[in-house]
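# Chain and residue survey
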Amino acid sequence: MTASHLLVPVPIPDRVAALIGSCIPPHILQAEFDADCAAREVRRFRGPRLGVEDQADREQALSELARANKVLAAHHPHLAVLPGSPF
């Protein structure tokens, strides 16, 4: 039995990544990219005191993340991206 916290991340060669990507529908790949970018944007706006513009930008990033996660979850429930996740 393998514990997931003991697994070491191994880089995937470009040709293997391209092969995996060719098996996934393009709209799912785009949603994954959008979710990752939005999650990074949400993490950028952390802190107790955000200005009005920063709050608006954070809300915009959260809505983009929710939109992308909706597409990903429709394809497979475990594909959703969380703002605090490392992946």
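Everything numeric in this text was worked out from a predicted model, so none of it was measured.

All right, on to a nonpolar patch on the surface then. Residues Ile12, Val16 and Ile20 make up a contiguous nonpolar surface patch of about 250 Å² in total accessible area. For Ile20, the location among the structural elements is in helix α1 (residues 14–22). By relative accessible area, which is 41% here, Ile20 ends up partly exposed.

This next bit is on helix α3 (residues 52–75). Taking 1.5 Å as the rise per residue, α3 with 24 residues should run 34 Å; its terminal C-alpha atoms sit 35 Å apart, in good agreement. All buried positions along α3 are accounted for by Ala61, Leu65, Ala68, Asn69 and Leu72. Looking at the packing, one finds that the buried side of α3 touches α2 (26–44).

What follows deals with α2. For α2, built from 19 residues, the straight-helix expectation of 27 Å at 1.5 Å per residue is met to within 8% by its first-to-last C-alpha distance of 27 Å. Listed as buried for α2 are Ile28, Ala31, Ala35, Ala38, Ala39 and Val42. Buried residues of α2 fall within an arc of 105 degrees about the axis and therefore sit on the same side. Of the exposed residues in α2, those oriented more than 90 degrees away from the buried face are Pro26, Phe33 and Arg44. Along its buried surface, α2 packs onto α3.

We now examine the pattern of salt bridges. Per the counting criterion, the structure on display carries two salt bridges. Here Glu41 makes a salt bridge to Arg44, at a shortest N to O gap of 3.2 Å. A residue pair is termed a helical-turn pair when its members lie 3 or 4 positions apart in one helix, as Glu41 and Arg44 do in helix α2 at three residues. Residue class for Glu41 comes out partly exposed when judged on its relative accessible area of 30%. What makes Arg44 exposed here is its relative accessible area of 56%.

Along the polypeptide, Asn69 turns up in helix α3. Looking at Asn69, the relative accessible area reads 15%, which means it is buried. Leave out the neighbours within four places in its chain, and Asn69 touches Ala35, Ala80 and Val81.

Among the nonpolar cores identified, the biggest contains nine residues, and these are Ile28, Ala31, Ala35, Ala38, Ala39, Leu65, Ala68, Leu72 and Val81. Residue assignment for this core shows that the elements contributing at least two residues are α2 and α3. If one sorts the elements of this core by residue count, α2 sits on top with five residues. Not counting residues within four places of it along the chain, the set of residues in contact with Leu65 comprises Ala35, Ala38, Ala39, Val81 and Pro83.

Calculation rules
- Residues numbered from 1 in each chain as written.
- Predicted model: local features only at pLDDT ≥ 70, side-chain atom pairs only at ≥ 80, totals over all residues.
- Heavy atoms only, no water.
- Patch = residues over 30% accessible without salt bridge, like charges linked within 9 Å, V, L, I, M, F, W, Y side chains within 5 Å.
- Areas by Shrake-Rupley, 256 points an atom, 1.4 Å probe, with all protein chains shown as cover.
- Salt bridge = Lys/Arg side-chain N within 4 Å of Asp/Glu carboxyl O.
- Helix = DSSP H or I, 4+ residues; strand = E, 2+ residues; numbered from the N terminus.
- Buried < 20%, exposed > 50% of the residue type's maximum accessible area, 1.4 Å probe, protein only.
- Expected span 1.5 Å × (residues − 1).
- Contact = heavy atoms within 4.5 Å.
- Arc of directions from axis to C-beta.
- Core = buried A, V, L, I, M, F, W, Y, C linked by side-chain atoms within 4.5 Å.

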